[in-house]
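Inside the fold
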Amino acid sequence: MKSVYIEITDACNLRCSFCPSSDCRDEAGSGKSHNFMSSTLFKQCIAGTVEAGIKNVYLHVLGEPTLHPGFALFLKEIKTAGLTATLTTNGTTIKRVAHHILNCPAVRQVNFSTHAYAELPPDEAREHLEDVLDFCRIVLFARPEMYINLRLWNVGDNDSQGWNRYMLERIRDTFGVDLQLGNFCSRHKSFPIAGKLYLHEDSRFEWPGMSPQAENSRDPQQIVRGTCHALDTHVAILHDGRVVACCLDYSGQITLGNIADQSLAEIINSPTARNIREGFEKHELRHPFCQSCSYCKRFK
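The following paragraphs examine the structure supplied in this document. Residue numbers here run from 1 along each chain, matching the order of that chain's written sequence. In keeping with the predicted nature of the model, local features appear solely for residues at pLDDT of at least 70, side-chain atom pairs appear and are counted solely at 80 or more, and the whole-chain, interface and lining totals rest on all residues. The basis for every side-chain value is the complete set of heavy atoms in the structure, and neither hydrogens nor water enter the calculation.

As for the overall build of the protein chain
Each helix and strand in the protein chain was counted, giving 9 helices and 12 strands. Classification of residues uses two cut-offs on accessible area relative to the type maximum, computed with a 1.4 Å probe and protein chains only: under 20% is buried, over 50% is exposed, and between them is partly exposed. Considering the protein chain as a whole, with its 300 residues, one finds that 52% of them fall into the buried category. Contacts between residues were defined by any pair of non-hydrogen atoms, one from each residue, lying within 4.5 Å. Long-range contacts, defined as pairs at least 24 residues apart, comprise 67% of the intrachain contacts of the protein chain with a sequence gap of at least 6. Entry remark: accessible area of the protein chain is about 14,100 Å², with carbon and sulfur atoms responsible for 49%. Secondary structure is summarised from DSSP: a helix means a run of H or I of at least four residues, a strand means a run of E of at least two, and numbering begins at the N terminus for each. Accessible surface area values rest on a Shrake-Rupley calculation with a 1.4 Å probe, where residue burial reflects the displayed protein chains alone.

Quick word on empty space enclosed by the protein
With a 1 Å grid laid over protein atoms only, a set of points is called a cavity when a 1.4 Å probe fits there but cannot get out and a pocket when it is open yet has protein on both sides within 12 Å along at least five of seven lines; lining residues have an atom within 4 Å of a point. Grid points are joined across faces, edges and corners, and a volume is the space filled by probe spheres set on the points. For the structure on display, the rule yields 1 cavity of 30 Å³ or more. The computed volume of the largest cavity comes to approximately 50 Å³. Cys 228, Ala 230, Ala 245, Cys 246, Ile 254, Phe 280, Phe 289, Cys 290, Cys 293 and Cys 296 together form the lining of the largest cavity. Gly falls in the polar group here, along with every residue not listed as nonpolar (Ala, Val, Leu, Ile, Met, Phe, Trp, Tyr, Cys, Pro) or charged (Asp, Glu, Lys, Arg). Classifying every residue of the lining of the largest cavity by side-chain character gives 10 nonpolar, no polar and no charged.

Some details on helix H8 (residues 271-281)
By the burial criterion, the buried members of H8 are Ala 273, Ile 276, Arg 277, Gly 279 and Phe 280. Projected onto a plane normal to the axis of H8, the buried residues spread over an arc of 155° and lie on a single side. Pointing more than 90 degrees away from the buried face of H8 are the exposed residues Pro 271 and Glu 281. Once H8 ends, the next one or two residues include His 283, with phi positive near 60°. This arc is taken over the directions from the axis of the helix to the C-beta atoms.

A short note on the packing of aromatic side chains
Here a pair means two rings of Phe, Tyr or Trp (six-membered ring of Trp) with centres within 6.5 Å. Their orientation is stacked below 30 degrees between planes, edge-to-face above 60, and tilted elsewhere. In the structure shown here, the tally under the stated rule is 6 aromatic pairs. Taking 5.6 Å as the distance between ring centres and 35° as the angle between the ring planes, the aromatic pair formed by Trp 163 and Tyr 166 counts as tilted. With Trp 163 and Tyr 166 both in helix H5 (residues 161-175), this residue pair falls 3 residues apart, about one helical turn. Aromatic pair Trp 207 and Tyr 250: ring centres 5.7 Å apart, planes at 75°, arrangement edge-to-face. Separated by 43 residues along the polypeptide, Trp 207 in the loop between strand E7 (197-201) and helix H6 (212-217) and Tyr 250 in the loop between strand E10 (242-244) and strand E11 (255-258) bring together distant segments of the chain. On the accessibility criterion, Trp 207 (21% relative accessible area) is partly exposed. Using a relative accessible area of 23% as the deciding quantity, one classes Tyr 250 as partly exposed.

Regarding the nonpolar core
As used here, the term nonpolar core means buried Ala, Val, Leu, Ile, Met, Phe, Trp, Tyr and Cys residues forming a set that is joined through side-chain atoms within 4.5 Å. In this structure, Ile 101 and Leu 150 are the most contacted members of the largest nonpolar core, which totals 90 residues. In terms of residue count, the dominant contributor to this core is helix H4 (residues 122-142) (7 residues). Filtering out sequence-adjacent residues up to four positions away, Leu 150 remains in contact with Phe 112, Thr 114, Val 132, Leu 133, Cys 136, Met 167, Ile 171, Ile 193, Leu 197, Tyr 198, Leu 199 and His 200.

Considerations on the environment of Val 57
You can see Val 57 is positioned in strand E2 (residues 56-58). Since its relative accessible area comes to 0%, Val 57 is described here as buried. Once the C-alpha coordinates of Val 57 and Thr 84 are considered, the two residues, 27 residues apart in sequence, prove to be 6.2 Å apart. Ignoring anything within four residues of it in the chain, the contact list for Val 57 reads Val 4, Ile 6, Ile 46, Thr 49, Ile 78, Leu 83, Thr 84, Ala 85 and Thr 86.

Section: the side chain of Asn 164
By the secondary structure assignment, Asn 164 is in helix H5. A relative accessible area of 0% places Asn 164 in the buried class. Setting aside anything within four residues of it in sequence, one finds Asn 164 in contact with Leu 152, Asn 154, Val 155 and Leu 181.

Structural notes on the sheet that holds E11
Spatially, the 10 strands line up as an open sheet ordered E6-E7-E5-E4-E3-E2-E1-E9-E10-E11, and their pairing is mixed. In the strand order of this sheet, the two ends are held by strand E6 (190-194) and E11, each with one partner. On average, each strand axis in the sheet is tilted by 25° relative to the strand beside it, whichever way the strands run. Strands are labelled as partners when DSSP assigns at least two bridges between them. Note that strand E9 (residues 234-237) and E10 share 2 bridges and pair antiparallel. Opposite Ile 237, over in E10, you have Val 243 as the bridge partner. Axis geometry follows a simple rule: fit a line to the C-alpha atoms, using only the stretch in contact for helices, then measure angles between N-to-C directions, giving values from 0 to 180 degrees.

A closer look at the pattern of salt bridges
By salt bridge we mean one thing: a side-chain nitrogen of Lys or Arg within 4 Å of a carboxyl oxygen of Asp or Glu. Taken as a whole and assessed by the stated rule, the structure comprises 12 salt bridges. Across the pair Arg 172 and Asp 173 runs a salt bridge whose closest N-O atoms are separated by 3.3 Å. Under the relative-accessibility criterion, Arg 172 is labelled partly exposed at 38%. Between Glu 278 and Arg 286 there is a salt bridge whose closest N-O contact spans 2.8 Å. Taking the relative accessible area as the measure of exposure, Glu 278 reaches 34% and is therefore partly exposed. Among the charged side chains, a network of salt bridges with common partners joins Glu 130, Arg 170, Arg 172 and Asp 173.

Given below as structure tokens:
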């Protein structure tokens, strides 16, 4: 296993239509929940990651990780543990946190979800993009070994095409590279801009979900064909310590255990985890959450 996704917060400062974060509510049913992982729990996540022999941490499931007040401290914890970090961010706070990222050699990759800007007011979207491009220029000079992906995961969405064209124009004007949209495929989604800076294209996908009705009505003997990289290349830990099989399981439908109670190694080798992993190896989606996931269909 290569990576652990750690959701240090499910709070976000955007309300994107394609992201389930915008649907999270508090116990009263109104308002956005704002949950932040404690520093004690984060240290347990890092210790469990090291013990399990996993080398890379993704600071993301839901939420905007740079909003966590302990973000800079968490980067230092990752560095001290000898791990590498991949950050996925909407980039709206990059001016405030850039120095923390640039000064942490453990950060090997930053993914900017620039497709989120298509739903913002034009002036605000352009301002955020310029901040991101400024950061990219600094990285190319100061941290040339760092990978950066400018994500456009909305190719084919008619409502986003105006923004996508504008963004490609700014990339061309800034870096002198003329890129065209729509040339991606399952094996070729990244297109070089400069150094280790890339445009990463993809179509929009639906986050998987599973209603209680679907769980109660499913046939346990039903075999759904498919596979996934969950529990093979990665596992995820939610803000409250629940360990889930998949980086898309934001609501804990496949909760395997809790990092506060067990070691990560024990959890990913539990009978439930082994059964799901064995199913993937045999091209069987054995859990109803997996059966409802359209992302599984991307793997042949």
